[in-house]
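Chain by chain, the residues:
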Amino acid sequence: MFHQYYKSIRCFHAVAKTGGFTSAAQYLHIGQPTVTEQVKALETRFGVELFLRAGRSVRLTAVGERLYAITQGLFGQEEEAIQFLQSAHKLKTGVVRVGAVSPPIALELAHGFRQAHPSLELTVSIGSEDSTLRGLQDFDIDVGIMVEPTAIEGLHIVPYRDERIVAVVPENHPWLTRASVGTRDIEEEMVILREPGSKTRHRVERACQKRNVRLNCVMEINSREAILHAVANGMGIGFVTQVEFIPLPGLAAVPIDDSELSISYSLCCLAVRKDRPLIRALFDVALA
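Not measured: the values here are computed from a predicted model. (Residues numbered from 1 in each chain as written. Predicted model: local features only at pLDDT ≥ 70, side-chain atom pairs only at ≥ 80, totals over all residues. Heavy atoms only, no water.)

*Asks:* Tell me what's going on with the overall build of the protein chain, and back it up with residues and numbers.
*Replies:* A count of helices and strands for the protein chain gives 9 helices and 11 strands. Over its C-alpha atoms the protein chain spans a radius of gyration of 32 Å, topping by over 25% the 19 Å that the globule rule assigns to 288 residues. Oriented by its inertia axes, the alpha-carbon framework of the protein chain measures out at about 100 × 40 × 30 Å. Relative to its 288 residues, the protein chain shows a buried fraction of 42%. Contacts spanning at least 24 positions in sequence make up 73% of the contacts within the protein chain whose residues lie at least 6 apart. Carbon together with sulfur atoms contributes 52% to the accessible area of the protein chain, which is approximately 15,700 Å² in total. Here the protein chain holds 31 positive side-chain charges and 33 negative ones, and the gap between their average locations is 10 Å. (Helix = DSSP H or I, 4+ residues; strand = E, 2+ residues; numbered from the N terminus. Rg over C-alpha atoms; globule rule 2.2 N^0.38 Å. Buried < 20%, exposed > 50% of the residue type's maximum accessible area, 1.4 Å probe, protein only. Contact = heavy atoms within 4.5 Å. Areas by Shrake-Rupley, 256 points an atom, 1.4 Å probe, with all protein chains shown as cover. Lys, Arg positive; Asp, Glu negative; His and termini not counted. Charge placed at Lys NZ, Arg CZ, Asp CG, Glu CD.)

Put into structure tokens, the structure is as follows:
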């Protein structure tokens, strides 16, 4: 029912707010006769007097004052909503939700985004490839950071960055006397691998298979951090991307001279959302 009287109530509110019919017309960007007609129609329809008119000046009646108290909240929220939308359009407010398979890469991007847009918020959730893709499709996240995602209809994919895989060894390991090692050197080592399905594990296994290198896997662990601790305790060597290596006490990273041992990360979002201002802003920062 309110929508039937919206224009009349809006005109009433403008007159009460600005103190006159002429100023209300300027405020609403409409003609003064229209304002006068709408207020008069409201008074006639409900049999009330809203303003005391004396020449060009107007004063609220008791009924008008009570109605104005209501419309201040009503149209104040409307104006607040418009201001919010204008701020969001100008990237002054808003939240971008990022899902990622790699904590370090996600946090580096978050740091760069916060520097470029300090007034915006950014949340980061870490998960698997499947959970990140599901989050995009369910609108739980806005942007995903994934490893070489499969082309899917409706998914916008942009290459982001490549990271080399390094060997993680104990600090007393003989490899530390060398600038780098080759894939064949892995055959002599006890190896700790991620769980099946891990992209890092897949790259290591693929490189070894191409060079007929036998992998001596002594343990599988489904956590990068746990692998680092296992290596520090002398249980074998592990593999992570360079950006994911954490220099814990007792650990060192050794480059592997093999172009197969690298991982490509991509930024993803739903194709229908790629031009949303906040999502576009994140892509611009990431790809600058």
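There's more to say after this.
*Asks:* Give me the lowdown on the packing of aromatic side chains, citing residues and values where you can.
*Replies:* Under the counting rule described, the total for this entry stands at 4 aromatic pairs. Centre to centre, the rings of F12 and F51 are 5.3 Å apart; their planes meet at 40°, and the pair counts as tilted. On the criterion of sequence distance, the pair formed by F12 in helix α1 (residues 6-18) and F51 in strand β1 (residues 51-54) is long-range, its members being 39 residues apart. For F12, a relative accessible area of 0% gives the class buried. Accessibility expressed as a relative area gives 1% for F51, which makes it buried. (Phe/Tyr/Trp six-rings, centres within 6.5 Å; stacked < 30°, edge-to-face > 60°.)

*Asks:* A description of unusual backbone geometry should follow, citing residues and the corresponding values.
*Replies:* Its identity as a non-glycine residue notwithstanding, H29 has a phi of 60°, on the positive side. Within the secondary structure, H29 is located in the loop between α2 (21-28) and α3 (32-46). Its relative accessible area of 71% is what places H29 among the exposed residues.

*Asks:* Would you mind going over the side chain of T241 in detail, with residue names and values included?
*Replies:* Mapped onto the elements, T241 comes out in strand β9 (residues 238-241). Beyond its immediate chain neighbours, meaning those up to four positions away, T241 contacts E163, R164, I165, V166, I263 and Y265.

*Asks:* Report on helix α6 (residues 129-137), specifying residues and quantitative values.
*Replies:* For an α-helix, the turn length of 3.6 residues means that residues three or four places apart are oriented alike. For α6, the set of buried residues is E129, T132, L133, G135 and L136. Take α6 and look down its axis: the buried residues cluster within an arc of 155°, on one side only. In the segment just after α6, F139 is the residue with positive phi, at about 65°. (Arc of directions from axis to C-beta.)

*Asks:* Can you tell me about empty space enclosed by the protein, naming the residues and giving the values?
*Replies:* For the structure on display, the rule yields 1 cavity of 30 Å³ or more. Estimated volume of the largest cavity: approximately 40 Å³. Elements represented by at least two residues in the lining of the largest cavity include exactly β7 (190-193) and α7 (199-210). In terms of residue class, the lining of the largest cavity is made up of 4 nonpolar, 1 polar and 2 charged. (1 Å grid on protein atoms, 1.4 Å probe; cavity = no way out; pocket = protein on both sides within 12 Å on 5 of 7 lines; lining within 4 Å. Points joined across faces, edges and corners; volume = space filled by probe spheres on them. Nonpolar A, V, L, I, M, F, W, Y, C, P; charged D, E, K, R; others polar.)

*Asks:* Talk me through the layout of surface pockets; I want residue IDs and the actual numbers.
*Replies:* Taken as a whole, the largest pocket holds about 460 Å³ of empty space. Taken together, 25 residues line the largest pocket, and the ones lying closest to its centre are V101, S128, E129, G197 and K199. Residue assignment for the lining of the largest pocket shows that the elements contributing at least two residues are α6, β5 (143-147), α7 and β11 (262-270). Ranked by the residues each element gives to the lining of the largest pocket, the list is headed by α6, at 3 residues. Across the lining of the largest pocket, the residue classes tally to 11 nonpolar, 6 polar and 8 charged. Its volume calculated, the second largest pocket comes out at about 220 Å³. For the lining of the second largest pocket, the elements supplying multiple residues, two or more each, are α3 and α4 (62-89). The dominant element in the lining of the second largest pocket, judged by the number of residues it contributes, is α4, at 6 residues. Residue classes in the lining of the second largest pocket are distributed as 11 nonpolar, 1 polar and 1 charged.

*Asks:* Can you explain the environment of G234? Please cite residues and give values.
*Replies:* Looking at where G234 falls in the secondary structure, it is placed in the loop between α8 (224-232) and β9. Judged by its relative accessible area of 49%, G234 is partly exposed. In this structure, the C-alpha to C-alpha distance between G234 and V169, residues 65 residues apart in sequence, is 8.3 Å.

*Asks:* I'd like a description of α8, backed by residues and values.
*Replies:* Taken together, the buried positions of α8 are R224, I227, L228, A230 and V231. All buried residues of α8 fall inside an arc of 160° around its axis, so they share one side. Elements that come into contact with the buried residues of α8 comprise α5 (103-116), β6 (155-170), β7, β9 and β10 (251-255). With its phi angle positive at about 75°, G234 sits one or two positions after the end of α8.

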